[in-house]
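Residues per chain, in single letters:
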Amino acid sequence: MKISNPKISIVMGSQSDWLTLKNTSTVLKELKISHEKKIVSAHRTPKRLYEYAEQAYDKGIKIIIAGAGGAAHLPGMIAAITHIPVIGVPIESKTLKGLDSLLSIAQMPFGVPVGAVAIGENGAKNAALYAASIISNYDSKIENQLIKWRLAQTKKVKKTPK
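Residues numbered from 1 in each chain as written. Predicted model: local features only at pLDDT ≥ 70, side-chain atom pairs only at ≥ 80, totals over all residues. Heavy atoms only, no water.

Enquirer: What exactly am I supposed to notice about the overall build of the protein here?
Expert: A tally of regular secondary structure across the protein gives six helices and five strands. Ordering the α and β elements of the protein from the N terminus gives β-α-β-α-β-α-β-α-β-α-α. For the protein, the C-alpha radius of gyration of 16 Å lies close to 15 Å, the compact-globule estimate for 162 residues. The C-alpha extent of the protein, read off along each of the three principal axes, is 50 × 40 × 30 Å. (Helix = DSSP H or I, 4+ residues; strand = E, 2+ residues; numbered from the N terminus. Rg over C-alpha atoms; globule rule 2.2 N^0.38 Å.)

Written as structure tokens, this is what we have:
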């Protein structure tokens, strides 16, 4: 999928986070929503983080999906710099299985909101659907894609077990 005027930006703290966030990209591709992918570490590349968050609005980004593990400061730091909605995806960690990530993302101070989804793969997929539903409020093409996708999901549910 060639990126032209991406509306959604997927950012992660490190390459290892891509294992989870590729699921976000997969769902966005299914919905035919242009998006970009970037590695922006809150701790190792703070200058890149600041420049990214400061410039996202001017680049036409409407929603940022930020995945992070452990201390998981990336979503909150981005939200502190830009007014663009940020959805935080907690990456499962070895130490606390992602609970540390979830709490870091969900426990934001008043005035710096970050939407939080479930830990891991399901959260990554739901972040894409959540972002699509927000954008569908003002983009009828995405609204139609999302409705078709959800109807297809409904049709996959059998009425009786085999």
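Enquirer: Looking at this structure, how should I read the side chain of serine 93?
Expert: If you trace the backbone, serine 93 turns up in the loop between strand E4 (86-91) and helix H4 (99-106). There is a polar contact of 3.1 Å between the side chain of serine 93 and the backbone nitrogen of glycine 98. Apart from the residues lying within four places of it in its own chain, the contact partners of serine 93 are Gly70, Gly98 and Asp100. (Polar contact = N/O pair within 3.5 Å; in protein donor to acceptor, adjacent residues only side chain to side chain. Contact = heavy atoms within 4.5 Å.)

Enquirer: Can you walk me through the sheet that holds strand E3 (residues 63-69) in this structure?
Expert: One open sheet holds the five strands; their spatial order is E2-E1-E3-E4-E5, and the pairing between them is parallel. In this open sheet, the two strands that pair with only one neighbour each are strand E2 (35-39) and strand E5 (115-116). Sheet analysis places E4 next to E5, joined by two bridges and oriented parallel. Looking at E5, one finds that glycine 88 is bridged to alanine 116. Contacting strand E1 (8-12), E2 and E3, helix H2 (residues 46-55) crosses the sheet at an angle of about 160° to E2. (Pairing = 2+ DSSP bridges. Axes fitted to C-alpha atoms, helices over the stretch in contact; angles between N-to-C directions.)

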